[in-house]
Amino acid sequence: MGFATVGAAGLDSSEVQAVVTILEELSSETGDTVFYDEEAADEWFLIDDESSKRIPAAGFTRRAWKEAFDQTMTGFIASIPRSELEEMMEEFVNRIGEITNMTPEQKQEAADALRADIGKLDAIRERGAPYQDVVSPYAQRLRKIALEN
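These numbers were taken from a predicted model, which means no experiment stands behind them.

Visitor: Explain the overall build of the protein chain to me, please; I cannot follow it from the model alone.
Guide: Counting its regular elements, the protein chain contains eight helices and zero strands. For the protein chain, the α and β elements follow one another from N to C terminus as α-α-α-α-α-α-α-α. Put simply, the protein chain has 149 residues, and 36% of those count as buried. Long-range contacts, defined as pairs at least 24 residues apart, comprise 71% of the intrachain contacts of the protein chain with a sequence gap of at least 6. In the protein chain, which carries 15 positive and 30 negative side-chain charges, the distance between the mean positions of the two groups comes to 1 Å.

Visitor: Help me understand the packing of helix H1 (residues 13–30) against helix H4 (residues 62–79) in this model?
Guide: The relative placement of two packed helices comes down to the angle between their axes together with the axis-to-axis distance. Where H1 contacts H4, the axes come no closer than 10 Å and their chain directions differ by 90 degrees. One element, H1, and the other, H4, form an angle in the roughly perpendicular class. Contact with H1, carried on its side by Val-16, Val-19, Val-20, Ile-22 and Leu-23, involves Trp-65, Ala-68, Phe-69, Thr-72 and Met-73 of H4 and no other residues of that element. Here the residues of the contact of H1 with H4 sort into nine nonpolar, one polar and no charged.

Visitor: Even after reading the chapter, I still don't get the packing of H4 against helix H8 (residues 139–146), so can you show me in this structure?
Guide: Between H4 and H8, whose axes approach to 10 Å, the crossing angle comes to 95 degrees. Between H4 and H8, the angle is such that the two are roughly perpendicular. Residues Thr-72, Met-73, Phe-76 and Ser-79 of H4 lie in contact with H8, whose contacting residues are Ala-139, Leu-142, Arg-143 and Ala-146. Residue composition of the contact of H4 with H8, grouped by class: five nonpolar, two polar and one charged.

Visitor: Looking at this model, I keep getting lost on the environment of Thr-72. Mind explaining?
Guide: Relative to the helices and strands, Thr-72 is located in helix H4. When the C-alpha atoms of Thr-72 and Thr-30 are compared, they prove to be 20 Å apart, with 42 residues separating the residues in sequence. Here Thr-72 is in contact with Leu-11, Val-16, Val-19, Val-20, Val-135 and Leu-142, once residues within four sequence places are set aside.

Scoring rules and cut-offs
Residues numbered from 1 in each chain as written. Predicted model: local features only at pLDDT ≥ 70, side-chain atom pairs only at ≥ 80, totals over all residues. Heavy atoms only, no water. Helix = DSSP H or I, 4+ residues; strand = E, 2+ residues; numbered from the N terminus. Buried < 20%, exposed > 50% of the residue type's maximum accessible area, 1.4 Å probe, protein only. Contact = heavy atoms within 4.5 Å. Lys, Arg positive; Asp, Glu negative; His and termini not counted. Charge placed at Lys NZ, Arg CZ, Asp CG, Glu CD. Axes fitted to C-alpha atoms, helices over the stretch in contact; angles between N-to-C directions. Parallel < 35°, antiparallel > 145°, perpendicular 65-115°, else oblique. Nonpolar A, V, L, I, M, F, W, Y, C, P; charged D, E, K, R; others polar.

Listed below in structure tokens is the structure:
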């Protein structure tokens, strides 16, 4: 029928596509992996502002970019099965254990901190659940720049 898929708070597939495309291009230019935290949208906005200015060219204000970025990334995180997230955290823990310049106590503290982050991921996944359906068609592209980069 020609209608865009609309998620909660009006996030639609065209916004997700624009966010993903911009992030792919910026990630390629910088060599940086796309990540999510409370400041990430602003950091990517500043990176873009110093280079290509793709974000405003795509019609986003700084505030609209933050909202679309946050909804896209939390929707993406919500789309990753919890078991896969736990497996990734365990891989991080194992990598920490391989670092030779850390004492066993430091390794244990780092591993405990990473395991505690699963609770934070659960909260992010909950916030992203309303956007999961609109973001899921872009999950493979996001996976490449956020998890495999």
